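For reference, the chains in residue letters:
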Amino acid sequence: MPELPEVEVVRRGLAEHVVGRVVESVAITHPRSVRRHLEGAADLAGRLTGLKVESAERRGKFLWLTFDDHEVALVVHLGMSGQMLVQPADAPLQKHAHIRATLGDGTQLRFVDQRTFGGWALAPLVEVDGTLLPEPVAHIARDPLDPRFEVDAVIAAIRGKQSEIKRVLLDQGVVSGIGNIYADESLWRAKINGGRPASGLSRPAVRGLLDAVGSVMGAALAAGGTSFDALYVNVNGQSGYFERSLAVYGRENEPCGRCGAPITRERFMNRSSYTCPRCQPKPRRA
């Protein structure tokens, strides 16, 4: 699923091509794509029509648009295959284009979702810590690229957890935006095994890990994100290429770029964890 860098790439594209446009009409052709909007497809389409897009926002892996009515946000769930494409209204229609919002400049914002795990939903805005957030996003912590990210507070929160450090990194209520790929990459950079208890890490170790998270995400963002297939693309339909720079994720049995030891893969929370057994030794059993 898209993580912070991929969602930020999409957000920037929406900020460039959609902000300032008026929604002229909305066509919804698949009910699953609006299943989170409990009032239904007709309500979502009717309430969006006539609104002017004011901003494209993100917190962690969550994306939304705000409008000139300042009352609601359009929360976009990308799921596993959701794409937000900005195209001419007469461009050939994608097979899985389930939502089409025609904008005042003649372009369309299309939500294309092959697996239909994603979707759109309108949500009220609420104030949290001086920031307006859609209600479903109100519980999500700030991410390392947020200017108001409080490093010391996050270090304390992480060290207060008894769980494995990788599990804590994936907890969007502690620090947001990190998924399986960038957790593995950050842990490798920090030379920390994801199975180590978070409470057993020193403050300098956690600070170094958060620095690694920031550097990994910055590099991925510069590369347009990570694309393993054609499902993740930006608003122009282009794939990211950070996959070429991954140090451990998906590199089972390949040599570690730092020490040469073969990368290992283990099961973790119904996913896979990739580590270097030499650079990231497992914690000793008590």
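Residues numbered from 1 in each chain as written. Predicted model: local features only at pLDDT ≥ 70, side-chain atom pairs only at ≥ 80, totals over all residues. Heavy atoms only, no water.

**A short note on the sheet that holds strand E1 (residues 23–28)**
Okay, step 1: Here four strands make up an open sheet; going across it, the order is E1-E6-E7-E5 and the pairing antiparallel. Among the strands making up the open sheet, the edge pair consists of E1 and strand E5 (82–88). Strand-to-strand, the axes of this sheet are offset by a mean angle of 20°, without reference to chain direction.
Okay, step 2: Here five bridges tie E1 to strand E6 (residues 97–103), and the two strands are oriented antiparallel to one another. (Pairing = 2+ DSSP bridges. Helix = DSSP H or I, 4+ residues; strand = E, 2+ residues; numbered from the N terminus. Axes fitted to C-alpha atoms, helices over the stretch in contact; angles between N-to-C directions.)

**Overview of the nonpolar core**
Okay, step 1: Ranked by internal contacts, the top residues of the largest apolar core, which has 38 residues, are Ile 158, Ile 165, Leu 169, Ile 178 and Cys 276.
Okay, step 2: Those elements that place two or more of their residues in this core are helix H3 (151–159), helix H4 (165–169), helix H5 (180–190) and helix H6 (203–222).
Okay, step 3: Here the element with the most residues in this core is H6; it accounts for seven residues.
Okay, step 4: Apart from residues lying up to four places away in sequence, Ile 165 is in contact with Ile 158, Leu 187, Ile 192, Asn 193, Gly 194, Arg 196, Ala 198, Leu 201 and Leu 209.
Okay, step 5: If you look at the next biggest cluster of nonpolar residues, it comprises 29 residues, including Val 10, Val 34, Ala 45 and Leu 103. (Core = buried A, V, L, I, M, F, W, Y, C linked by side-chain atoms within 4.5 Å. Buried < 20%, exposed > 50% of the residue type's maximum accessible area, 1.4 Å probe, protein only. Contact = heavy atoms within 4.5 Å.)

**Remarks on the pattern of salt bridges**
Okay, step 1: All chains considered together, the criterion is met by 14 salt bridges.
Okay, step 2: Sharing partners across several salt bridges, the network here consists of Glu 8, Arg 11, Arg 12, Arg 58 and Asp 143. (Salt bridge = Lys/Arg side-chain N within 4 Å of Asp/Glu carboxyl O.)

**Observations concerning the environment of Trp 188**
Okay, step 1: Mapped onto the secondary structure, Trp 188 falls in helix H5.
Okay, step 2: Using a relative accessible area of 12% as the deciding quantity, one classes Trp 188 as buried.
Okay, step 3: On a C-alpha basis, the gap between Trp 188 and Arg 258 in space is 9.7 Å, while along the polypeptide they are 70 residues apart.
Okay, step 4: Among residues more than four places away in sequence, those in contact with Trp 188 are Ala 247, Val 248, Cys 256, Gly 257, Arg 258, Cys 276 and Gln 280.

**Section: the sheet that holds strand E9 (residues 131–134)**
Okay, step 1: With antiparallel pairing, the five strands of this open sheet are ordered in space as E2-E3-E4-E8-E9. Only two strands of the sheet have a single neighbouring strand rather than two, namely strand E2 (53–59) and E9. The mean angle between the axes of side-by-side strands here comes to 35°, regardless of whether they run parallel or antiparallel.
Okay, step 2: Direction of pairing for strand E3 (residues 62–67) relative to strand E4 (residues 72–77): antiparallel, over a ladder of four bridges. Paired with Leu 63 across the bridge in E4 is Val 76.
Okay, step 3: The sheet strands contacting helix H1 (residues 4–17) are E2 and E3, and the helix crosses E2 at an angle near 170°.
Okay, step 4: Across the sheet, helix H2 (residues 41–48) is in contact with E3, E4 and strand E8 (119–128); its angle to E8 comes to roughly 60°.

**Quick word on the side chain of Glu 3**
Okay, step 1: Its place among the elements puts Glu 3 in the segment before H1.
Okay, step 2: Despite its burial, Glu 3 remains without a salt bridge, the nearest opposite charge being carried by Lys 61 at 6.1 Å.
Okay, step 3: A polar contact of 2.8 Å, which involves the side chain of Glu 3, links it to the backbone nitrogen of Gly 179.
Okay, step 4: Of note is the side chain of Glu 3, whose polar atom sits 2.9 Å from the backbone nitrogen of Ile 181.
Okay, step 5: Those residues in contact with Glu 3 that lie beyond four places of it in its chain are Lys 61, Gly 177, Ile 178, Gly 179, Asn 180, Ile 181 and Tyr 182. (Lys, Arg positive; Asp, Glu negative; His and termini not counted. Polar contact = N/O pair within 3.5 Å; in protein donor to acceptor, adjacent residues only side chain to side chain.)

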